[in-house]
Structures are given as C-alpha cells and as structure tokens.
Amino acid sequence: MRITLERSNLLKSLSHVHRVVERRNTIPILSNVLMRASDASVELKATDLDLEITESVPAMVEQAGATTVPAHLLYEIVRKLPDGSEVLLATNPDGGSMTVQSGRSKFSLQCLPETDFPDLTAGSFSHTFKLKATDLKMLIDRTQFAISTEETRYYLNGIFFHTIEAGGDLKLRAVATDGHRLARADVQAPSGSEGMPGIIIPRKTVGELQKLVDDPEALVTVEVSDAKIRLTIADIIMTSKLIDGTFPDYQRVIPTGNDKEMRVDCQTFTKAVDRVSTISSERGRAVKLALTDGQLMLTVNNPDSGSATEEVAVGYENDPMEIGFNAKYLLDITAQLSGDDAIFMLADAGSPTLVRDTAGDDALYVLMPMRV
C-alpha cells in the first residue's frame, strides 16, 4: 500500500474513528485502525466490538492495499504535523510496518495484518429512515445528561428511542433516566420509522454520535434492527450494538396531577442555585426551595462549613410550600432549557416535579425531590 493524503483530511477522519478505540486493550488488534486503500480513497475503520466507525477519505492511491496500525499513535503523529502538509503512508514489502512521511519527518509504525481485524457483521435492518442532523442532535442534547452510569441497571445506560402517538401525531421520542431524574424529547417521526422496535442506544455510542452530528444541514440515514443500529452521515458509517434489555415504563413516573405552577427566569434561577450550592457538601448537594406568593427563597445548609440563602422573584400563586432538590441535578436540567422562563409544576415535598421549557420544543423533565 502506498498513498498520499492531505493532513487536514486525514486528521479529521482519524479524530472521528480513533475515539472508538479504548486506551487499554487485551486484544492487540483492537488498538489499531484498519486502513484500506482503493481507487481514489482510503477507508479508515475502528471498533471496540460494540461500536464501529468507518470513514472514507480522498487520497492519491499509488498502490492499493490494506493494513492496521495503532490508532492513537497515528492520530498523535498526524496531529503534530504542520498545517497544510501532505502525508505519505507506505507499507514495507513484508507488511510488518508502515512508514509515515511528511516534509522532513519520518515515522515507522508496527502493523498487524488486516485479516485479523474484526468485522461487526451488521445483518439485516428492519427499518430505515432519514432524520435531520439538527433533530437528532436535539434529541441527544436534551436527554444525554440523564443517562445512568450505574452498571447494575445496565438497561438505563443509554437513551431509549421509540415511536409513539402523541397529540394525534406520530413522534420519534428519546428518553433517558437514572432513577433520580428523567429527560424526554420528541420530534416528528420521519417516514419509515413507523412500527420500529424500541431501542436503547448505549452511552458511548450516544457520546460519539453527538460529536459527529455537527453539520446542521446534514441528513442522517438511520437503520434499525432489534440488536443493532447503523447511522450514515455523509462519508461516515457508524454501526453499534444496542443494549439488550427492557427499558422501564417511564410514563408511570411522569406526574400528571401537579397543579402548583412556578415560573422563573431561567438564567436568574440557574445563577442563584449555582451560587448557593457553592457551600453544599459534595455528598448531599441539597438545596431547599421555599415558595411563597411571588417569591422563592433558596437555602443550603452545610453543617461543616455554614449556610447560604438567596431570594428570587417568581410567578407563584399557590399555598406556601418547601421542597428540596439535588443542586447538580437541578442545574443539569436548567442547562437544557432554551426559553427565557422555566416552568416548574409541583405537587408536594415528597412527589416528583415536572420541569418544562417556555421555548415550546417538545422536551420535558422530571426531578425527584430530596429530603432537606
């Protein structure tokens, strides 16, 4: 194999694929990126056996061929090469090493045979549809923070995507929860998604996908089966296994009878919660919200270091009430809101609270209270 590429093109593609590769691998080939050159392009592929990313890059191919080289090492080398340079990649005759040459720099990297590289066989997909990158990004951005990191409840370690009838329309819905808070976002269901199986996309796949949908104009082709999902964005193909489990019935925890409404300016509220929570202890970051007519008093008490209070003007015309929340969870939710005001629908100090946005996008959040 002997090819020449623009550094910027190679770097961009390597930055997409090398992130899939785990830093520590018991199987040496999984530390490598597969490079397959043919015609006028080179295909880069990396996998961790659960997730695979493939991307094609334009290249001048003098001699077609394929090999695998350490992914993080190649990325670091190309990253440190000067802007605007060209990179020559050539394997030696026995295929045991590859030369990386640019300007006066020359590197030799150990190769492993491409025949050893695992293939994440996709199988057949039951549903295919196209989704705007902006819609997919919105669904991920609004829900990703609520994904659980607890390994024991593995079925919560991802975002649950499914179609559902809502208000007479068919919606594509994303839901994530960790048991303490829940995030839900909807977009119009694209044609072809009707009747698709409910799928749980793993946390790592979601994180990588979020970095790939940066072009607002792009269309994402989504293919779904019971066990896998394949997403195609321009020259990038991402295939991932799905979490094999049943997502809990989240509709049950979304309160419907919360009748006490609090409206508050989102930025003012966020900054006030952030300020008072400075004093809270790392372990129990509880902030108390005391509501009276038109006024909210935020209080944090930490027996080790002191206390903090702040008053915020709110729209509230119900009986006085007090409720406590984890400050970090509260800030995670307000960070997702794009409207000027946040709407809190409360019931009592022991029941979950509903948080909505005034911007009118179809997102909704549920937060469990804390005892304070």
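Please refer to the structure placed before this passage.
These figures come from a predicted structure and were not determined experimentally. (Residues numbered from 1 in each chain as written. Predicted model: local features only at pLDDT ≥ 70, side-chain atom pairs only at ≥ 80, totals over all residues. Heavy atoms only, no water.)

Chemist: Let's hear about the side chain of His72: which residues, and what values?
Modeler: Of note, His72 is situated in helix H2 (residues 71-80). Of the residues examined, His72 reaches a relative accessible area of 15% and is grouped as buried. When neighbours within four sequence positions are excluded, His72 is seen to be in contact with His18, Val21, Glu22 and Arg23. (Helix = DSSP H or I, 4+ residues; strand = E, 2+ residues; numbered from the N terminus. Buried < 20%, exposed > 50% of the residue type's maximum accessible area, 1.4 Å probe, protein only. Contact = heavy atoms within 4.5 Å.)

Chemist: How would you summarise the nonpolar core if you had to cite specific residues and measurements?
Modeler: If you look at the biggest cluster of nonpolar residues, it comprises 101 residues, and the most contacted ones within it are Leu74, Met262, Phe269 and Leu298. Among residues more than four places away in sequence, those in contact with Phe269 are Met262, Val264, Leu289, Leu296, Leu298, Leu330, Thr334 and Phe344. In terms of nonpolar packing, the next biggest core, distinct from the first, is built from 15 residues, Ile164, Val175, Ile343 and Leu354 among them. (Core = buried A, V, L, I, M, F, W, Y, C linked by side-chain atoms within 4.5 Å.)

Chemist: Account for the packing of helix H3 (residues 133-143) against helix H4 (residues 203-212), with residues named and values stated.
Modeler: Contact geometry of H3 with H4 gives a least axis separation of 10 Å together with a crossing angle of 135°. Between H3 and H4, the angle is such that the two are oblique. Here the hand of the crossing between H3 and H4 comes out left-handed. Within the contact between the two elements, H3 uses Leu136, Lys137, Ile140 and Asp141 and H4 uses Val206, Leu209 and Gln210. Considered class by class, the residues forming the contact of H3 with H4 number 4 nonpolar, 1 polar and 2 charged. (Axes fitted to C-alpha atoms, helices over the stretch in contact; angles between N-to-C directions. Parallel < 35°, antiparallel > 145°, perpendicular 65-115°, else oblique. Left-handed = near helix turned anticlockwise from the far one by under 90°. Nonpolar A, V, L, I, M, F, W, Y, C, P; charged D, E, K, R; others polar.)

Chemist: Which residues make up the side chain of Thr163, and what are the values?
Modeler: With respect to the helices and strands, Thr163 occurs in strand S11 (residues 158-166). Relative accessible area serves as the criterion here: at 18%, Thr163 is assigned to the buried category. If we skip the residues at most four places from it in the chain, Thr163 touches Leu170, Lys171, Leu172, Ala189, Ser193, Gly195 and Met196.

Chemist: Tell me what's going on with the sheet that holds strand S20 (residues 295-302), and back it up with residues and numbers.
Modeler: Pairing is antiparallel across the open sheet formed by 4 strands, whose spatial order is S21-S20-S19-S22. Each edge of the sheet is formed by a strand with only one pairing partner; in this case those strands are strand S21 (306-313) and strand S22 (321-326). Taking the axes of each pair of neighbouring strands and ignoring which way they run, one obtains an average angle of 20° across the sheet. Note that strand S19 (residues 286-292) and S22 share 6 bridges and pair antiparallel. By the bridge assignment, Ala290 is partnered in S22 with Glu322. Contacts from helix H5 (residues 266-276) reach S19, S20 and S21, with the element oriented near 170° to S21. Contacts between helix H6 (residues 327-334) and the sheet are confined to S19 and S22, with S22 contributing the most and set at about 85° to the helix. (Pairing = 2+ DSSP bridges.)

Chemist: Account for the pattern of salt bridges, naming residues and giving values.
Modeler: Going through the model one piece at a time under the given rule, you end up with 23 salt bridges. The closest approach of N and O atoms between Arg2 and Glu62, which form a salt bridge, is 3.1 Å. Here Arg2, found in strand S1 (residues 2-6), pairs with Glu62, found in strand S5 (residues 60-63); they are 60 residues apart in sequence, far enough to count as distant. For Glu62, a relative accessible area of 52% puts it in the exposed group. Between Asp48 and Lys204 there is a salt bridge whose closest N-O contact spans 2.8 Å. Of this pair, Asp48 sits in the loop between strand S3 (41-47) and strand S4 (51-58) while Lys204 sits in helix H4, and the two are 156 residues apart along the sequence. Through salt bridges that share partners, Asp178, Arg181, Lys328 and Asp332 make up one connected network. (Salt bridge = Lys/Arg side-chain N within 4 Å of Asp/Glu carboxyl O.)

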